[in-house]
Amino acid sequence: MKILVLNCGSSSLKYQLFDMDHEDVLAKGLVERIGIEGSRLKQEVGESEWETQTEIPDHKKAVALVFAALTDAEHGVIADMDEIDAIGHRVVHGGEAFTESTLIDTKVMAAIEKYAVFSPLHNPANLQGIVAAREALPGKPNVAVFDTAFHQTMPERNFLYALPYEYYKEHGIRRYGFHGTSHNFIAHRAAELLGKPLEELNIISCHLGNGSSVTAIKNGKSYLTSMGQTPLAGVPMGTRTGDIDPAVVLFLIQNLGMSAEEVDTLLNKKSGVYGISGKSSDFRDLDEAAQAGDARSQLALDVFYSRVRETIGAYAVELGRVDAITFTGGIGENGPENREGICEGLEIIGAKLDKEINNQRKPKEKKISTEDSKVAIWVIPTNEELMIARDTKRLAEA
Ligand code: AMP
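This is a predicted model, so every value here is computed, not measured. (Residues numbered from 1 in each chain as written. Predicted model: local features only at pLDDT ≥ 70, side-chain atom pairs only at ≥ 80, totals over all residues. Heavy atoms only, no water.)

Enquirer: What's the story with the packing of aromatic side chains in this structure? I'm lost.
Expert: Pairs of aromatic rings are described using the distance from one ring centre to the other and the angle between the two planes. Tallying each qualifying case throughout the model produces seven aromatic pairs. Seen in terms of ring centroids, F283 and F304 are 4.7 Å apart; in terms of plane orientation they differ by 65 degrees. Their pairing is edge-to-face. Note that F283 is positioned in helix α10 (residues 283-291) and F304 in helix α11 (residues 295-319), a separation of 21 residues in sequence. Note on F283: relative accessible area 5%, which makes it buried. Assessed through its relative accessible area of 0%, F304 is described here as buried. Ring pairing ties together the aromatic residues Y115, F118 and Y176, which thus form one cluster. The lysine or arginine in question, R174, covers the ring of F159, its NZ or CZ lying 3.6 Å from the ring centre. One cation-aromatic arrangement involves R174 over Y176; the distance from NZ or CZ to the ring centre is 4.7 Å. (Phe/Tyr/Trp six-rings, centres within 6.5 Å; stacked < 30°, edge-to-face > 60°. Helix = DSSP H or I, 4+ residues; strand = E, 2+ residues; numbered from the N terminus. Buried < 20%, exposed > 50% of the residue type's maximum accessible area, 1.4 Å probe, protein only. Lys NZ or Arg CZ within 6 Å of the ring centre and 35° of its normal.)

This is the structure we're talking about:
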């Protein structure tokens with residue numbers, strides 16, 4: 001069975017074609033700068049890379065181009081689009097309507113549109129990808145896999161904000177959580193690695209990348225997570241603030257005369273470790289600058305480490321018992337110095353880092369805690385696309 005996974009962003013489209021018999025990636029690629037000058041498609045098949053530049057005004061054209069690339073006589077991997085059995089779509093916000101992945105019909109599409117109020121950049125792009133795929137391959141099943149779905153198991157006391165209750169009931173204002181597909185993948189893989197049933201495991205999963213979130217997984221299910229109604233909440237990120245006093249927003253509007261749009265840009269695009277350092281949102285740059293003595297880059301890293309660590313500490317208390325702390329995402333998988341910064345002091349909850357193993361670049365997937373650590377610490381590379389492909393296969397077959 002061949003499954004195509006589409007991940008549509010506001011101006012980009014990432015894709016992977018899987019042969020699910022052995023979960024092999026046949027091809028993967030990226031369409032960049034959709035609707036912007038200089039748009040292009042890059043495709044990787046095994047070791048070989050191919051790039052083509054053409055005008056790509058919208059997601060419909062982008063999806064058409066993906067199909068053309070996959071069936072290209074020279075660079076493609078399939079002879080005909082009909083070989084694709086089903087398409088899986090990453091959808092960012094599924095609100096309370098979706099507790100798991102689902103086959104897409106017009107009702108599901110209407111719900112994705114409804115939740116665009118909470119995810120104005122992503123849900124409309126996700127929807128455009130769905131419309132384009134349905135048009136291009138009529139009759140083939142399309143499946144939506146939501147970033148929010150895994151977190152729908154959170155108890156009310158963990159997702160409710162302390163606003164008047166009507167704001168939750170009437171407007172849906174609450175913590176939803178994101179990166180669910182990744183945290184879910186990590187939970188399943190951690191259970192395999194630890195050799196225990198997932199239902200018996202308590203894990204603190206740290207997905208640290210451009211966007212970062214920490215999730216407390218209790219008995220295999222999401223129990224508490226750091227992102228909120230939107231992916232702006234929680235720990236500081238590349239350019240996002242994470243949690244701040246909500247009155248700061250009022251101060252920016254009332255005292256600095258900023259508009260809602262300006263505040264939005266400030267909090268989402270100019271803050272985080274980029275805002276503190278004044279240098280970069282990329283942790284590689286910050287590590288390098290800090291080592292060369294740049295105090296503000298070090299400060300940005302220190303703020304990040306402290307907030308991630310305090311979240312882990314709080315979640316350990318909420319869980320009562322922690323079997324494993326896991327690191328994934330661009331930073332979690334590739335930044336040993338960043339993992340070390342976060343783990344400093346975690347001995348108090350029984351988690352001891354083995355600094356030597358932590359510093360070894362390979363293998364990527366490894367246990368990085370000491371033999372006598374009560375809590376296992378693991379690096380587990382995430383694979384959201386594979387998780388989406390697995391759900392798509394399951395639902396398409398059903
Ligand atoms: P992601 O959003 O998961 O793709 O993560 C992207 C981020 O990972 C980049 O912005 C970098 O900050 C970070 N990253 C990638 N490689 C490294 C590395 N070797 N060391 C530290 N951070 C890294």
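Enquirer: Can you help me understand the sheet that holds strand β14 (residues 376-379) in this one?
Expert: Whenever strands of a sheet pair, they do so through backbone hydrogen bonds, lying parallel or antiparallel. Here six strands make up an open sheet; going across it, the order is β11-β10-β9-β12-β14-β13 and the pairing mixed. Two strands bound the open sheet, and with one partner strand each, they are β11 (221-225) and β13 (366-367). In this sheet, strand β10 (residues 212-218) lies alongside strand β9 (residues 203-208) in antiparallel orientation, the contact comprising six bridges. Its bridge partner being in β10, L208 is matched across the sheet by S212. The strands that α11 touches are β9, β10, β11 and β12 (324-328); relative to β10, the one it contacts most, it runs at about 15 degrees. (Pairing = 2+ DSSP bridges. Contact = heavy atoms within 4.5 Å. Axes fitted to C-alpha atoms, helices over the stretch in contact; angles between N-to-C directions.)

Enquirer: In this structure, what is going on with the pairing of strand β1 (residues 2-8)? I would like to understand it.
Expert: When a strand is regular, its side chains alternate between the sheet's two faces. Among the seven residues of β1, six are classified as buried, and the element is accordingly described as predominantly covered. Two elements, β1 and strand β2 (residues 13-19), share seven bridges in a ladder whose sense is antiparallel. Bridge pairing in β2 places C8 opposite L13. Hairpin connection, β1 to β2: the antiparallel pair is bridged by four residues.

Enquirer: Which parts of the structure should I look at to understand the pattern of salt bridges?
Expert: Note on pairing: side chains with opposite charge can pair once their charged atoms come close. Evaluated as defined, the whole model comprises 19 salt bridges. Between E96 and R174 there is a salt bridge, and its shortest N-O distance comes to 2.7 Å. Highlighted residues: E96 in the loop between β6 (86-91) and β7 (102-103) and R174 in the loop between α5 (165-171) and α6 (180-194), separated in sequence by 78 residues. You can call R174 buried: its relative accessible area is 2%. Between K279 and D294 there is a salt bridge, and its shortest N-O distance comes to 3.3 Å. Of this pair, K279 sits in the loop between α9 (272-277) and α10 while D294 sits in the loop between α10 and α11, and the two are 15 residues apart along the sequence. Note on D294: relative accessible area 22%, which makes it partly exposed. Taken together, the shared-partner salt bridges in this structure form one network comprising E32, R40 and K42. (Salt bridge = Lys/Arg side-chain N within 4 Å of Asp/Glu carboxyl O.)

Enquirer: So what exactly am I meant to see when it comes to the sheet that holds β6 here?
Expert: Reading across from one edge, β5-β4-β3-β2-β1-β6-β8-β7 is the order of the eight strands in this open sheet, with mixed pairing throughout. On the outer flanks of this sheet lie β5 (48-53) and β7, each paired with one strand and no other. Against the sheet, helix α15 (residues 384-397) contacts β1, β2, β6, β7 and β8 (142-146), and its axis sits at roughly 130 degrees relative to β6.

Enquirer: Would you take a moment to explain the site of the ligand for this structure?
Expert: By nearness alone, every residue bordering the ligand is listed as G209, N210, D282, F283, R284, D287, G329, G330, I331, N334, G335 and N338. The side chain of D282 places a nitrogen or oxygen atom 3.4 Å from an oxygen atom of the ligand. One of the backbone N or O atoms of G330 is found 2.8 Å from an oxygen atom in the ligand. Where the shell around the ligand is concerned, the elements lending two or more residues are α10 and α12 (329-334). (Near = heavy atom within 4 Å. Polar contact = N/O pair within 3.5 Å; in protein donor to acceptor, adjacent residues only side chain to side chain.)

Enquirer: Sorry, what's going on with the packing of helix α1 (residues 59-70) against helix α3 (residues 123-136) here?
Expert: Axes are the key here: two packed helices are described by the angle between their axes and the distance separating the axes. Contact pair α1 / α3: the axes reach a minimum separation of 8 Å and the direction vectors enclose 50 degrees. For the element pair α1 / α3, the angle class is oblique. Crossing of α1 against α3: the hand is right-handed. Across from H59, K60, V63 and F67 in α1, the residues of α3 making contact are A125, Q128, G129, A132, A133, E135 and A136. (Parallel < 35°, antiparallel > 145°, perpendicular 65-115°, else oblique. Left-handed = near helix turned anticlockwise from the far one by under 90°.)

Enquirer: Explain the side chain of D391 here, please?
Expert: Assignment of secondary structure puts D391 in helix α15. By relative accessible area, D391 is classed as buried at 13%. A polar atom in the side chain of D391 sits 2.6 Å from the side chain of S101. A polar contact is formed between the side chain of D391 and the side chain of R394, at a distance of 3.3 Å. Leave out the neighbours within four places in its chain, and D391 touches S101 and V145.

Enquirer: Sorry if this is basic, but what is going on with a negative patch on the surface here?
Expert: The grouping of E44, E47, E49 and E51 at the surface amounts to a negative patch. Along the polypeptide, E44 turns up in strand β4 (residues 40-45). (Patch = residues over 30% accessible without salt bridge, like charges linked within 9 Å, V, L, I, M, F, W, Y side chains within 5 Å. Areas by Shrake-Rupley, 256 points an atom, 1.4 Å probe, with all protein chains shown as cover. Lys, Arg positive; Asp, Glu negative; His and termini not counted. Charge placed at Lys NZ, Arg CZ, Asp CG, Glu CD.)

Enquirer: What exactly am I supposed to notice about unusual backbone geometry here?
Expert: Across residues other than glycine, the phi torsion is negative in most instances, and most of the peptide bonds are trans. A cis amide bond, omega -5 degrees, links K362 with the succeeding residue P363. Non-glycine residue N219 carries a positive phi angle of around 50 degrees. Within the secondary structure layout, N219 lies in the loop between β10 and β11. Look at N219 and you get partly exposed, because its relative accessible area is 43%.

In short, shape yes, function no, at least from these values alone.
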